[in-house]
Amino acid sequence: MAEPITVAVRRGDIVEARHTVHAVAVRDGAVVAEAGDGGLVTFMRSAAKPIQALPVVRARLDLDDRELAIASASHLADPQQIGAVRSLLAKAPAQEDELECGAEGEPPSPLRHNCSGKHAGFLALCRARGWDSRGYRLPDHPVQKTMLAEVAAAADLREEEIPTGIDGCGVVNFALPLERMAYAFARFAELDGGSRVADAMRAHPTLIRGPGAPDTVLMESLPGWIAKGGAEGLLCAAGPDRLGIALKVGDGSARAVGPAAAAFLGRLGHPLDQLTSAPVANSRSEIVGEIRAD
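The sections below set out a description of the structure shown in this document. (Residues numbered from 1 in each chain as written. Predicted model: local features only at pLDDT ≥ 70, side-chain atom pairs only at ≥ 80, totals over all residues. Heavy atoms only, no water.)

Quick word on the pattern of salt bridges
The following threshold applies: For salt bridges, the criterion is a side-chain nitrogen of Lys or Arg within 4 Å of an Asp or Glu carboxyl oxygen. Accessibility here uses a 1.4 Å probe with only protein chains present; expressed as a share of the type maximum, an area under 20% marks a residue as buried, one over 50% as exposed, and anything in between as partly exposed.
Taken as a whole and assessed by the stated rule, the structure comprises 22 salt bridges. The closest approach of N and O atoms between Arg 11 and Glu 16, which form a salt bridge, is 2.9 Å. On the basis of relative accessibility, which here comes to 41%, the residue Arg 11 falls in the partly exposed class. Close ionic contact of Arg 134 with Asp 132 constitutes a salt bridge, the shortest N to O distance being 2.7 Å. Beyond isolated ion pairs, a larger network of salt bridges with shared partners links Arg 10, Arg 18 and Asp 294.

In structure tokens:
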């Protein structure tokens, strides 16, 4: 097994913490680069959202780029992002109180939940297919069965090979080897509806997460790429040259994702200078250290 990436957190000249990161790159079905354990099985979390948008885009040809991007997003509830969720709900059509993601933000609202765009997409899919939308988040609902089938097909796995759990927003989530995640992203544009979703993500990278987020910065920095982060230190991305990557911070720390992605992609000839290091700041907004891959 190749050595994993180590991301060091320095305060002054002292290394205060280290994060171990596993990463893998796939092209044309073959592993072309690996750091740590590319076969590590972990939950895809929100990195699955672009794949989960595929049945939606195929069923709803009326959706525009903003609506498809927010269906693939883990947003920060800024006004543009909330506006895109409202637009998708109106087109579904569905009401805010039909969202089953729970409430976040202040004041608490399902619209402010970072997964509300995905859930709005699920409601749009229900309307298109004539399914009762109540309980669409549950494993035995047609929506979640459709999502499992979609992820399995993208990763070239059988459905029974994919362990599942319940995600933070209440829907089913999927555990895959990192290599299979990278494979799915590498071929994403070739999947039915994939080019449409990828175009929407590239057109609106700030809807996908927000300023400074690793997936947003990656798409802003590398022309033709798509990227989607997930909870517990996960990131998947794909370039226009059929290269897919997946990386996972072993301890789930989000702060290590950007520097690890910059280190891994830098090895592959895709520099990401904006993510190479992240500052460590104190409560006075003074920079007192940095986070960087060794």
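What about the environment of Ala 184?
Basically, it comes down to this: The helix and strand labels rest on DSSP assignments: H or I over at least four residues marks a helix, E over at least two residues marks a strand, and numbering proceeds from the N terminus. Contacts between residues were defined by any pair of non-hydrogen atoms, one from each residue, lying within 4.5 Å.
Along the chain, Ala 184 falls in helix α7 (residues 178-186). Judged by its relative accessible area of 1%, Ala 184 falls in the buried class. When the C-alpha positions of Ala 184 and Val 151 are compared, they lie 8.2 Å apart, and in sequence the two are 33 residues distant. For Ala 184, the contacting residues outside a window of four places in its chain are Ile 51, Ala 154, Ala 155 and Leu 191.

Description of the sheet that holds strand β6 (residues 172-177)
Put simply, the rule is: DSSP bridges decide pairing: two strands pair if at least two such bridges lie between them. Fitted lines through C-alpha atoms serve as axes, helices being fitted only where they are in contact, and the angles separating the N-to-C directions of these axes extend from 0 to 180 degrees.
The antiparallel open sheet is built from three strands, whose spatial order is β4-β6-β5. Here the strands that pair on one side only, and so sit at the sheet edges, are β4 (41-43) and β5 (164-166). Averaged over neighbouring strand pairs, the angle between their axes works out to 30 degrees when direction is ignored. The pairing of β5 with β6 spans three bridges and is antiparallel. Of the residues in β6, the one forming a bridge with Gly 165 is Asn 173. Across the sheet, helix α6 (residues 142-155) lies against β5 and β6, angled at about 15 degrees from β6, the strand it touches most. Sheet contacts for α7: β4 and β6; angle to β6, the most-contacted strand, approximately 105 degrees.

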